Amino acid sequence: QNSNVENLPPHVLRLVYKEVSALAADPPEGIKVYPSEEDITELHTSIEGPEGTPFAGGIFRMRLVLGKDFPAVPPKGYFLTKIFHPNVGHKGEICVNVLKRDWKAELGLRHVLLTIKCLLIHPNPESALNEEAGRLLLEDYAEYESRARLLTEIHAMGGPGGTSGAPQDPNDGPQPKKHAGDPTKRAGPSAAAPPAALGNTSSSTSNVAGKKKADKKRALRRL
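The present account deals with the structure reproduced in this document. (Residues numbered from 1 in each chain as written. Predicted model: local features only at pLDDT ≥ 70, side-chain atom pairs only at ≥ 80, totals over all residues. Heavy atoms only, no water.)

When the terminal C-alpha atoms of helix α1 (residues 10-25) are compared, their 22 Å separation across 16 residues agrees well with the 22 Å that a helix rising 1.5 Å per residue should span. Looking only at α1, the buried set comprises Val12, Val16, Val20 and Leu23. Viewed along the axis of α1, the buried residues span an arc of 60°, placing them on a single side of the element. Looking at α1, the residues exposed on the side facing more than 90 degrees away from the buried face are Pro10, Arg14, Tyr17, Lys18 and Ala25. (Helix = DSSP H or I, 4+ residues; strand = E, 2+ residues; numbered from the N terminus. Expected span 1.5 Å × (residues − 1). Buried < 20%, exposed > 50% of the residue type's maximum accessible area, 1.4 Å probe, protein only. Arc of directions from axis to C-beta.)

Quick look at the structure:
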């Protein structure tokens, strides 16, 4: 219902489709792109937490929304995975200059994704949306790091916040079996059968399905 496909001119849609296809085929390092055939104006991605940061080891889901005035107006970015970061608001909104005053139509979506990944390495407390995270970053880095790492472990490392309702690749997280048979995952051209789906007997298949259903119920209760 929030799709802007019908609002964008055909030549812009063609450019977006071309860029998104290129991103999906050759994404930036540490970033995966999940194009939607139904709505090319909402791009779902995942970003690996950079090494040497409190986000290392996590997979952070994110979406970019292209408004009806794109590319004259920058896309809006949102983290779907909870993260403790000065430049990410409590609803996941992202504050970064490239999505505001520094935007230029020719920058493109690849530049946006790389800039957001860099933001995980170099937060900017001067334009904090999460004031507590910004304050801790400046005044008590050890506490900031501890809080950021805790949320990463809870929400971005295979827990319910990191995997529920997301288009995930079997290689995204430390628990590939959680993705077996996931109806929300789009099978790519190189998608291989997850280990949990390799059983040949009907009993093993039903056992896997039952375990998955129980795991999902537990995950939902913990959300």
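A separate point is the pattern of salt bridges. A complete count under the given rule lists five salt bridges for this structure. Residue Arg147 pairs with Glu132 through a salt bridge whose shortest N-O separation is 3.0 Å. One end of the pair, Arg147, is in helix α4 (residues 141-155); the other, Glu132, is in helix α3 (residues 131-139), and 15 residues separate them in sequence. Among the residues examined, Glu132 registers a relative accessible area of 36% and is labelled partly exposed. (Salt bridge = Lys/Arg side-chain N within 4 Å of Asp/Glu carboxyl O.)

Mapping Ser36 onto the fold places it in the loop between β1 (31-34) and β2 (42-48). Relative accessible area serves as the criterion here: at 19%, Ser36 is assigned to the buried category. One polar contact links the side chain of Ser36 to the main-chain amide nitrogen of Glu38, over a distance of 3.3 Å. Looking at Ser36, its side chain comes within polar contact range of the main-chain nitrogen of Asp39, at 3.1 Å. (Polar contact = N/O pair within 3.5 Å; in protein donor to acceptor, adjacent residues only side chain to side chain.)

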